[in-house]
Every structure is written in C-alpha cells, then in structure tokens.
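Structural features, examined
Okay, here's what each chain looks like letter by letter:
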Amino acid sequence: MAHYLALGDGTVLADLACGAGGPGLWIAAQCGASVIGVDPSSAGLAQARKRSQQVGLTDHSLYQQGTFASTGLGNGAVDGALSVDALQYAPDKTDVFREAYRILRPRGRHSTGRRASE
Ligand SMILES: C[S@@+](CC[C@H](N)C(=O)[O-])C[C@H]1O[C@@H](n2cnc3c(N)ncnc32)[C@H](O)[C@@H]1O
C-alpha cells in the first residue's frame, strides 16, 4: 500500500476507518506524510491519538470522527487514502468510493490501485 500510494514529504494521507491508527501512522512515518484518521469510534480515535504520541507523530496526525460515507474532509483535501480491514463494515460500498474520490486531490490515489482521476 505504501508503495502504491507513492506519498512523499509534505503529503497528506487519509486513513479511513482508522481505528487505533496503526497502518496510517506506519505509512506516514515511512513516507514523511501527515495522516488524517477518520473513524466513528471515539475509543478508537483516543487510541490513535495516544499511538501517534508514542511514535512521535503528534504534529503530523489528526484524528476526527466520521464514517466512510461522510468523512468530514474537504474536496481534494488529501493526496492518498487507504482503509485496512474495515470496508466490510461499510453499509454501502458505493458511498465509500464516492467519498474517497471526493476527498482525493486530482491524481491522488486510494489503496485499491486505481487513480482518482480514472
Ligand atoms: C477491524 S477495525 C480496523 C481498524 C484499522 N483500520 C486497523 O487496521 O487497525 C474496523 C474499524 O472500522 C470502523 N468502522 C465501522 N463502521 C464504519 C463506518 N461505517 N465508517 C467508517 N469506519 C467504520 C470501526 O470503528 C473500526 O475502527
């Protein structure tokens, strides 16, 4: 996923259904990106914030409540988006990809392997 997303210094990654934030934080650390985690669970978000402190990425991470269908992020707000082990919980899979395309900047990438502009 990290390779495909092709993120670099100063880019922004959305971790959708981030839970405790592990995958997004790991990729952000590898790539020099910042991460915005979105999850409906306040307990998950609290764990993610704690983990971001533990790995020294507090200044490069933000965690906010939201769902696949409604992330709360602006149009074109991120350079890449991923979701790990969570798509199965989305009530409507079409909503997931509609929202992912909306929040990705032109030519941004999501983790399923298609360019946002295609
Ligand atoms: C198995 S956990 C995976 C967490 C994280 N992605 C990871 O790999 O560690 C599934 C996550 O999906 C979230 N979730 C469930 N329904 C959701 C929805 N409709 N939109 C976004 N996230 C949702 C849960 O709160 C939970 O954090």
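Right, let's get into the site of the ligand. Near the ligand, the surroundings consist of 17 residues, among which Ala17, Gly19, Thr67, Ala86 and Tyr89 are the closest. Residue composition of the shell around the ligand, grouped by class: 10 nonpolar, 5 polar and 2 charged.

Now for the nonpolar core. Formed by 29 residues in total, the largest nonpolar core has its most connected members in Leu13, Ala14, Ala33, Val78 and Ala81. Counting residues per element, the ones that place at least two in this core are β1 (12-16), α2 (22-31), β2 (34-39), α3 (42-54), β4 (78-82) and α4 (93-103). When sequence neighbours within four positions are dropped, the list of residues in contact with Leu13 reads Leu5, Leu7, Gly24, Ile27, Ala28, Ala33, Val35, Val78, Asp79, Gly80 and Leu82.

Before going further, it helps to examine the confidence of the model for the chain. Mean pLDDT over the chain stands at 92; residues scoring 70 or higher make up 92%. With pLDDT under 50 throughout, residues 112-118 is counted as low confidence; its partners more than four residues away or in other chains account for 12 contacts.

Now for α4. Taken residue by residue, α4 has Val96, Glu99, Ala100 and Ile103 as its buried positions. Taken down its axis, α4 places every buried residue within 105 degrees of arc, on the same side. Facing away from the buried side of α4 by over 90 degrees, the exposed positions are Thr94 and Arg98.

Quick notes on the rules
- Residues numbered from 1 in each chain as written.
- Predicted model: local features only at pLDDT ≥ 70, side-chain atom pairs only at ≥ 80, totals over all residues.
- Near = placed C-beta within 6 Å.
- Nonpolar A, V, L, I, M, F, W, Y, C, P; charged D, E, K, R; others polar.
- Core = buried A, V, L, I, M, F, W, Y, C linked by C-beta atoms within 7 Å.
- Buried ≥ 20, exposed ≤ 12 C-beta atoms within 10 Å, placed from the backbone.
- Helix = DSSP H or I, 4+ residues; strand = E, 2+ residues; numbered from the N terminus.
- Contact = placed C-beta atoms within 7 Å.
- pLDDT = per-residue confidence, 0-100.
- Arc of directions from axis to C-beta.

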